[in-house]
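# What the coordinates show
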Amino acid sequence: MKCDLYAKRPLIIAGPCSAETQEQTLETCKALAATGRVDILRAGVWKPRTKPGGFEGMGLLALPWMAEARHLTGLPIAVEVANAKHAQSALEFGVDMLWIGARTTVNPFSVQEIADAVKDSGISVLIKNPMNPDIELWSGAVARFRNAGIDDRHLGLIHRGFSYFGHTQYRNTPMWHVVLEMRSRFPELAMICDPSHICGRRDNLLEVAQRAADMSFDGVMIESHVSPDTALSDASQQVLPEDFDRIISAIRWRNESTNNPEFFESLNKHRDSIDQIDSELFELLSRRMNIAEKIGRIKHDNDVAILQGERWSSIVEKSLALASKLCLSEDFMRTILEAIHIESINRQNEVMNRQ
Ligand code: PEP
Ligand code: MN
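Below, the structure is looked at part by part.

## Section: the overall build of the chain
Each helix and strand counted, the chain has 13 helices and eight strands in total. When its C-alpha atoms are laid out on the principal axes, the chain stretches across 80 × 50 × 40 Å. Within the chain, buried positions represent 46% of all 355 residues. For the chain, restricting intrachain contacts to residue pairs at least 6 apart in sequence, the fraction spanning at least 24 positions comes to 74%.

## So, the nonpolar core
Leu41, Val79, Leu98, Ile127, Phe145 and Phe244 are the most contacted members of the largest nonpolar core, which has 69 residues in total. When neighbours within four sequence positions are excluded, Leu98 is seen to be in contact with Val79, Val81, Ala87, Ala90, Val118, Ile123, Ser124, Val125 and Leu126. Core analysis: the next-biggest nonpolar cluster, separate from the first, contains 13 residues, Cys3, Ile13, Ile40 and Ala190 among them.

## Brief notes about the packing of helix α5 (residues 108-118) against helix α6 (residues 135-147)
At a minimum axis distance of 9 Å, the contact between α5 and α6 shows a crossing angle of 20 degrees. Taken together, the axis directions place α5 and α6 in an arrangement best described as roughly parallel. Remark: the crossing between α5 and α6 carries right-handed chirality. Contacts between α5 and α6 pair Pro108, Val111, Gln112, Ile114, Ala115 and Val118 from the former with Leu137, Ala141, Arg144 and Phe145 from the latter. Taken together, the residues that form the contact of α5 with α6 break down as eight nonpolar, one polar and one charged.

The rules behind the values
Residues numbered from 1 in each chain as written. Chains lettered and ligands numbered in written order. Predicted model: local features only at pLDDT ≥ 70, side-chain atom pairs only at ≥ 80, totals over all residues. Heavy atoms only, no water. Helix = DSSP H or I, 4+ residues; strand = E, 2+ residues; numbered from the N terminus. Buried < 20%, exposed > 50% of the residue type's maximum accessible area, 1.4 Å probe, protein only. Contact = heavy atoms within 4.5 Å. Core = buried A, V, L, I, M, F, W, Y, C linked by side-chain atoms within 4.5 Å. Axes fitted to C-alpha atoms, helices over the stretch in contact; angles between N-to-C directions. Parallel < 35°, antiparallel > 145°, perpendicular 65-115°, else oblique. Left-handed = near helix turned anticlockwise from the far one by under 90°. Nonpolar A, V, L, I, M, F, W, Y, C, P; charged D, E, K, R; others polar.

Now the structure itself:
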């Protein structure tokens with residue numbers, strides 16, 4: 001079965017993290033299909049684990065279970081592949097869609113051998129973002145599958161968040177801006193959000209799925225299991241099929257546009273204001289940089305170093321003191337200040353070394 005990624009909006013993919021037993025796979029898939037909200041069934045058959053000792057999937061044994069789930073429900077099936085052998089086996093079992101896991105997208109050798117294995121097969125492929133926020137790696141994987149003849153109706157992307165060192169409320173932090181950049185590079189490719197791997201827990205799946213819907217994503221992939229607490233992988237993020245049903249029905253998918261003329265009128269008014277403010281902002285920044293250059297010249301003439309830590313700390317301190325009054329988050333202010341500081345140092349550096 002060819003699985004056209006544009007056949008339906010939103011596209012809903014669901015299934016257990018792993019196919020563990022025939023019974024668990026079939027019971028989960030049947031219950032999900034019965035909700036009437038699933039377009040494609042998923043299950044991990046080969047599980048790439050970060051550390052040894054975890055459940056590594058049932059492998060070939062599990063492929064017939066997924067094929068049976070497909071037969072019983074009439075729904076297309078998807079599995080994760082990490083090498084050419086996996087891809088060949090999946091093709092032999094009539095799997096409709098493959099996805100490339102985050103730990104595989106990072107490896108061009110693996111991606112290339114999978115692309116070679118599925119060349120001209122007509123199978124659909126979804127590419128998860130790599131573990132790290134590297135747009136080039138993700139784009140490279142797209143190019144490899146396109147070169148192997150997978151057309152854009154059968155090629156898509158999955159946003160599953162990025163690994164992050166440090167404390168965050170997410171298992172994999174979403175970094176929505178990275179994904180928006182990927183979307184603008186590949187507007188023709190479907191972008192599916194995987195809230196399960198972003199959240200790593202159940203209670204905020206809807207919140208993340210809603211955010212994706214608000215940002216015009218094309219669908220979601222959610223992990224569901226008939227007995228989530230006893231799941232052999234990703235137990236804390238899997239939900240019962242009935243909870244999956246509740247989550248999906250609660251998501252509000254926004255319209256791409258509307259015919260209401262008032263909408264355009266007020267939107268355009270605000271957009272004009274934003275354009276005006278943006279141009280003023282950059283005008284001000286340009287003036288600020290020109291002053292930084294003047295300071296650079298003075299430092300040059302007096303043979304003084306560019307970086308003066310105390311002065312910078314006092315600028316940051318003074319600006320952050322205004323954060324709550326201006327209703328701006330400290331995080332945002334720090335990001336802007338850092339960008340200004342880098343540009344300012346670069347400009348002074350140029351002046352210092354020009355003469
Ligand atoms: C999965 O989908 O079960 C999986 C292992 O995902 P990821 O590659 O996003 O970690
Ligand atoms: Mn999983």
